[in-house]
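Residue-level listing of the chains:
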Amino acid sequence: MLQKRLVVLLCSVMSLGAETLSQGERDRAMSHLHATRKMFVDATANLSAAQWSFKPGPARWSVAECAEHLTESETFLRGLLTGTLEKAPVDESKREARRKDREAMDAKVAAMVSDRSQKAQAPEPLRPMGKLGGQPQVIDLFRQRRDETIAMVEQTKADLRGRYFVMGPGMEMDLYQMLFMISAHTERHVKQMREVMADPGFPKR
């Protein structure tokens, strides 16, 4: 019931714009979100308690910590998107200037965020603290939150292409591209999970 209320609220907020997504754009974003959801589920399936909590080093995250970070980030990043949507005006001149290159930018955002060669520190609120429960609870909560993101994309009538979010110096994206940021962020940390699993000390069971 809570999930349905959240989706209705998000879709209400996101119906403020003028130009809705095309079906192709909608399908492309949902496909990417579904694919990285599966990556997460596959990477965390059938792990023992020892494998789930194994840390390759004091300053490195376990699979459990990566999973908690992703679960918390799903809501946080979606909140950045909806918060920007509420506040940012539509910029028609910028939309038109970027129209022909925006699919290439969609791919660039996804590639950049998923790239593990560029390290980054998670903001304090998104650092794992073990507060979401055990392995089944974290996995189920991530799946639920990702399903809410997918439902939002499927139903929204908002103008995501005409509003913009500044990710960092020289990195401004439209709100549709933020969906690829959310999805690619999952891919980034699934890669991190696989690095943990490839460590020589990773438990056999």
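Residues numbered from 1 in each chain as written. Predicted model: local features only at pLDDT ≥ 70, side-chain atom pairs only at ≥ 80, totals over all residues. Heavy atoms only, no water.

**Notes on the pattern of salt bridges**
Within the structure shown, the criterion is met by 23 salt bridges. For Lys 55, the salt bridge identified is with Glu 65, shortest N-O distance 3.0 Å. Of this pair, Lys 55 sits in the loop between helix 3 (49–53) and helix 4 (63–87) while Glu 65 sits in helix 4; the two residues are ten residues apart in sequence, bridging distant segments of the chain. Of the residues examined, Lys 55 reaches a relative accessible area of 35% and is grouped as partly exposed. Across the pair Glu 148 and Arg 78 runs a salt bridge, and its minimum N-O distance is 3.1 Å. Linking Glu 148 in helix 7 (residues 135–155) with Arg 78 in helix 4, this pair joins segments that are 70 residues apart in sequence. Accessibility classification places Glu 148 together with Arg 78 in one group, the buried group. Via salt bridges that share partners, Glu 19, Glu 92, Arg 95, Glu 96, Arg 99 and Asp 159 belong to a single interconnected network. (Salt bridge = Lys/Arg side-chain N within 4 Å of Asp/Glu carboxyl O. Helix = DSSP H or I, 4+ residues; strand = E, 2+ residues; numbered from the N terminus. Buried < 20%, exposed > 50% of the residue type's maximum accessible area, 1.4 Å probe, protein only.)

**A word on the packing of helix 2 (residues 23–44) against helix 7**
Interhelical geometry of helix 2 versus helix 7 gives an angle of 175° and a closest axis separation of 9 Å. Relative to helix 7, the element helix 2 is oriented roughly antiparallel. Residues Arg 26, Ala 29, Met 30, Leu 33, His 34, Thr 36, Arg 37, Phe 40, Val 41 and Thr 44 of helix 2 pack against Gln 135, Ile 139, Phe 142, Arg 143, Arg 146, Asp 147, Thr 149, Ile 150, Val 153, Glu 154 and Gln 155 of helix 7. By residue class, the composition of the contact of helix 2 with helix 7 is nine nonpolar, six polar and six charged. (Axes fitted to C-alpha atoms, helices over the stretch in contact; angles between N-to-C directions. Parallel < 35°, antiparallel > 145°, perpendicular 65-115°, else oblique. Contact = heavy atoms within 4.5 Å. Nonpolar A, V, L, I, M, F, W, Y, C, P; charged D, E, K, R; others polar.)

**Here we look at the nonpolar core**
One broad trend across soluble globular proteins is that nonpolar side chains are buried collectively. Counting residues in each nonpolar core, the largest one holds 27 residues, and the members touching the most others are Leu 160 and Leu 179. Taken together, the elements giving at least two residues each to this core come down to helix 2, helix 4, helix 6 (102–114), helix 7, strand 2 (171–174) and helix 8 (175–197). At eight residues, the largest contribution of residues to this core is made by helix 8. (Core = buried A, V, L, I, M, F, W, Y, C linked by side-chain atoms within 4.5 Å.)

**Quick look at the packing of helix 7 against helix 8**
Look at helix 7 against helix 8: their axes get within 12 Å of each other, and the N-to-C directions meet at 155°. With respect to their mutual orientation, helix 7 and helix 8 come out roughly antiparallel. For the pair helix 7 and helix 8, the crossing hand works out as left-handed. Residue-level contacts link Phe 142, Arg 146, Met 152 and Val 153 of helix 7 to Leu 179, Ile 182, Ser 183 and Thr 186 of helix 8. (Left-handed = near helix turned anticlockwise from the far one by under 90°.)

**Structural notes on the packing of aromatic side chains**
Inspection of every chain in the model, using the stated rule, returns three aromatic pairs. With 3.9 Å between their ring centres and 25° between their planes, Phe 40 and Phe 142 make a pair best called stacked. Here Phe 40 is found in helix 2, whereas its partner Phe 142 is found in helix 7, with 102 residues between them in sequence. Residue classification places Phe 142 among the buried positions, given a relative accessible area of 0%. When the centroid spacing of 5.8 Å and the interplanar angle of 80° are considered together, the rings of Phe 54 and Phe 202 count as edge-to-face. With Phe 54 in the loop between helix 3 and helix 4 and Phe 202 in the segment after helix 8, the pair connects residues that are 148 residues apart, well separated along the chain. Considered together, Phe 54 and Phe 202 belong to a single accessibility category, that of buried residues. (Phe/Tyr/Trp six-rings, centres within 6.5 Å; stacked < 30°, edge-to-face > 60°.)

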